[in-house]
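Architecture at a glance
These are the residues of each chain, in order.
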Amino acid sequence: MTTINFPLRSPPHSLQKLEALKKVDNLVKGSSENIYQASSVFPFDFFPDHITVNRSRVDIIIGMFIATKEMISILIENIYEVDIDYSLFFASINFKVTGNLQNPPPIGFLKKDEAIKLRRIISGLVLALKEKIDIKELTVQELQITMEQIGKVQHK
């Protein structure tokens, strides 16, 4: 007769495995929490573009035609400059990226105040990364406020 031994409890996790799981959780948290979003204004841009910023990247969704979009993701570490051109009501934002990446096209017809805030937040994230500031523990609201303040000081 053959007996089967079932373990009474699962084996304990190693410290390395727990650290790896924590890092994965932080990546998931960082990529799913949007810090800020802006969109181009509809009647002026018939197929509106959208920009979403999270802890590690900027996603640009370019409306090309009905139900046709192009998505460009830029890691914060690859951004070296964010410029805005603005008039009385609207602004356009330009990204300059490093490496072998091609600069994305300018995103126009953004509301002026949203474009300014977007630039400040992205510039703050770029500077925080360069200065090796750990932003993992900050909430989305804290990130919005602190990154905007850093970006505001940087672009005076």
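In what follows, the structure referred to is the one given above.
What comes next concerns the included structure. Computed from a prediction, not measured in an experiment: that's the story for all the values here. (Residues numbered from 1 in each chain as written. Predicted model: local features only at pLDDT ≥ 70, side-chain atom pairs only at ≥ 80, totals over all residues. Heavy atoms only, no water.)

As a further point, take the environment of T98. With respect to the secondary-structure elements, T98 resides in the loop between β6 (90-97) and β7 (107-111). Classification of T98 as partly exposed rests on a relative accessible area of 30%. Taking C-alpha positions, T98 is 9.2 Å from E81, a pair spaced 17 residues apart along the chain. (Helix = DSSP H or I, 4+ residues; strand = E, 2+ residues; numbered from the N terminus. Buried < 20%, exposed > 50% of the residue type's maximum accessible area, 1.4 Å probe, protein only.)

With that out of the way, let us pick up the packing of aromatic side chains. What the rule picks out here adds up to 6 aromatic pairs. Measuring from ring centre to ring centre gives 5.8 Å for F44 and F109, while their planes differ by 15°; the resulting arrangement is stacked. In this pair, F44 is assigned in the loop between β1 (34-39) and β2 (50-54) and F109 in strand β7, connecting sequence segments 65 residues apart. With relative accessibility at 47%, the residue F44 sits in the partly exposed group. Among the aromatic residues, ring-to-ring pairing joins F42, F46, F47 and F65 into one connected group. (Phe/Tyr/Trp six-rings, centres within 6.5 Å; stacked < 30°, edge-to-face > 60°.)

When β2 meets strand β3 (residues 57-65), the two strands line up antiparallel, connected through 4 bridges. If you follow H50 over to β3, its bridge partner there is I61. Here β2 folds back onto β3 in antiparallel fashion, the turn holding 2 residues. Bridge count for β3 against strand β4 (residues 68-75) is 8 bridges, and the pairing is antiparallel. Bridge pairing in β4 places G63 opposite K69. (Pairing = 2+ DSSP bridges.)

Time to look at the pattern of salt bridges. With the rule as written, the count across this model stands at 4 salt bridges. K96 is paired through a salt bridge with D83; the nearest N and O atoms lie 3.2 Å apart. With K96 in strand β6 and D83 in strand β5 (residues 79-86), the pair connects residues that are 13 residues apart, well separated along the chain. Residue class for K96 comes out partly exposed when judged on its relative accessible area of 28%. (Salt bridge = Lys/Arg side-chain N within 4 Å of Asp/Glu carboxyl O.)

Okay, the side chain of N54 next. With respect to the element layout, N54 can be found in strand β2. A polar contact is formed between the side chain of N54 and the backbone nitrogen of S56, at a distance of 3.0 Å. A polar side-chain atom of N54 sits 3.0 Å from the main-chain amide nitrogen of R57. (Polar contact = N/O pair within 3.5 Å; in protein donor to acceptor, adjacent residues only side chain to side chain.)

The subject of this paragraph is unusual backbone geometry. A positive phi angle, near 60°, is found at A67, a position not held by glycine. Looking at where A67 falls in the secondary structure, it is placed in the loop between β3 and β4. For K132, which is not glycine, the phi dihedral falls at a positive 60°.

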